[in-house]
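# Architecture and fold: a report
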Amino acid sequence: MKIKKVEAAKIEIDMTPMIDICFQLLTFFVFILSFEGADQDARIQLPASELAKPPEKSEDVPITLQVTKDGQILAGGQPFPNADAAKSVLNAERTMLEQRGRSVSDANIIIRAHKDAKTGDVQQLIKVAQSVEFTKFSLRAKDKE
Amino acid sequence: MKIKKGGDPAVAIDMTPMIDIVFQLLSFFIFTLKITTQEGDFNITMPLAAPRAGTPDPNQVPPIKVRIRATADGSCNGIFLNPNDDGTGGTPFGTDGWKQLRAHIASLVGTGSQAASAEVTIDADYNLDYENVIKCITAVSGEKDAAGHITKMVEKIKFAPPRPPGG
């Protein structure tokens, strides 16, 4: 018996719904992308506070300094063994501010210290920043929910 | 001249490269997604020069000092309100008396304009765990009720000069 050879039918999948969903997902992820956490460091676990609410307006000239549990200072992406060693970064920030026609009083030092860091290390950092004439400080905490 | 009328041939656009790129972008955004908790700031002002001694404003609340002592491992060993100049004495509030401290400060400064002008100085031991300082600032700077409404109290917070390590 002769068997008739049947050609496989070409199946066309409609890709439109999948592309629609992909674009919607893409748009969602693009919109929720935030660069605010760029200065966060995994070594720092902030203390929690029920009153810690994000500021309504962003700081004019924020300078973020971080204090690890063992007293290391992270400033400008570099680690320093103690607050005195980080003074060079603060001096550089001050020079940059002055070159841009701003004063140190415009800057706000944001301190992100680990919850188990020594209070004295944080105070030493504030003291060093004061020696470079910074006067405004913010202690950062995470929202307690 | 006779123009030949012909139907437009169906142009099939190859979607494969676009879908590839869309998937790559999607993967990138999914993998870089970082779920973080909200962060907030407590402002403290540390003036360079000590304030001039003058006639105190009779309507102003006298400066409040909170002394936090630490154990050897850094945990809180006691909260004292308005201690002596050498750091001893003062009204004790126990090792976890933040709520009592808040109630006491609220009775001293209220929540009106007096609270806004009141100033609290935190005097902590060098090796005290920093989270206790945030607990203290939270206790004196306001209260959040069950509905999530925040009542503000003291807004001027500063640190006493740092104590020497082990001191």
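Notes on the structure follow. These numbers were taken from a predicted model, which means no experiment stands behind them.

### Some details on the sheet that holds strand S3 (residues 76-81) of chain B
Residue and element names in this part refer to chain B.
- Taken in spatial order, the 5 strands make up an open sheet running S4-S3-S2-S5-S8, and their pairing is mixed. Looking along the sheet, the strands with just one partner apiece sit at the ends: strand S4 (91-92) and strand S8 (156-159).
- Of the strand pairs in this sheet, strand S2 (residues 64-70) and strand S5 (residues 119-124) are connected by 5 bridges, and their pairing is parallel. What sits directly across from Arg 67, in S5, is Asp 123.
- Where helix H2 (residues 98-109) meets the sheet, its contacts fall on S2 and S3, and the angle it forms with S3 comes to roughly 10°.

### Remarks on the packing of H2(B) against helix H4 (residues 130-141) of chain B
All names here are of chain B.
- Contact geometry for H2 and H4: axes closest at 8 Å, N-to-C directions at 35°. Here H2 runs over H4; the crossing is right-handed. Between H2 and H4, the contacting residues are Trp 98, Leu 101, Arg 102 and Ile 105 on the first element and Asn 132, Lys 135, Cys 136, Thr 138, Ala 139 and Val 140 on the second.
- The residue makeup of the contact of H2 with H4, split by class, is 6 nonpolar, 2 polar and 2 charged.

### What to know about the state of the cysteines
- Overall, the coordinates contain 0 disulfides over all chains when judged by the stated rule.
- Among the cysteines around B:Cys76, which has no disulfide bond, B:Cys136 carries the closest sulfur, lying 9.0 Å off.

### Some points on unusual backbone geometry
- Of note in this structure, A:Glu133 is not a glycine but carries a positive phi near 75°.
- Mapping A:Glu133 onto the fold places it in the loop between helix H3 (119-131) and strand S6 (136-143).

### Quick word on the packing of helix H1 (residues 16-32) of chain A against helix H1 (residues 16-32) of chain B
- In contact at an axis separation of 9 Å, H1(A) and H1(B) are set at 35° when each is read in the N-to-C sense. In terms of crossing hand, the pair formed by H1(A) and H1(B) is left-handed. Residue-level contacts link A:Met18, A:Ile19, A:Cys22, A:Phe23, A:Leu25, A:Leu26, A:Phe29 and A:Val30 of H1(A) to B:Met18, B:Ile19, B:Val22, B:Phe23, B:Leu25, B:Leu26, B:Phe29 and B:Ile30 of H1(B).
- Broken down by class, the residue content of the contact of H1(A) with H1(B) amounts to 16 nonpolar, no polar and no charged.

### Things to note about the pairing of strand S2 (residues 61-67) of chain A
All names here are of chain A.
- Among the 7 residues of S2, 5 are classified as buried, and the element is accordingly described as predominantly covered.
- Both S2 and strand S5 (residues 107-113) contribute to a ladder of 7 bridges, which runs parallel. The residue of S5 that forms the bridge with Gln 66 is Arg 112.
- Where S2 meets strand S3 (residues 73-75), 3 bridges bridge the pair, whose relative direction is antiparallel. Residue pairing across strands places Gln 66 opposite Leu 74, the latter belonging to S3.

Reading guide: rules and limits
Residues numbered from 1 in each chain as written. Chains lettered and ligands numbered in written order. Predicted model: local features only at pLDDT ≥ 70, side-chain atom pairs only at ≥ 80, totals over all residues. Heavy atoms only, no water. Pairing = 2+ DSSP bridges. Helix = DSSP H or I, 4+ residues; strand = E, 2+ residues; numbered from the N terminus. Contact = heavy atoms within 4.5 Å. Axes fitted to C-alpha atoms, helices over the stretch in contact; angles between N-to-C directions. Left-handed = near helix turned anticlockwise from the far one by under 90°. Nonpolar A, V, L, I, M, F, W, Y, C, P; charged D, E, K, R; others polar. Disulfide = S-S within 2.5 Å. Buried < 20%, exposed > 50% of the residue type's maximum accessible area, 1.4 Å probe, protein only.

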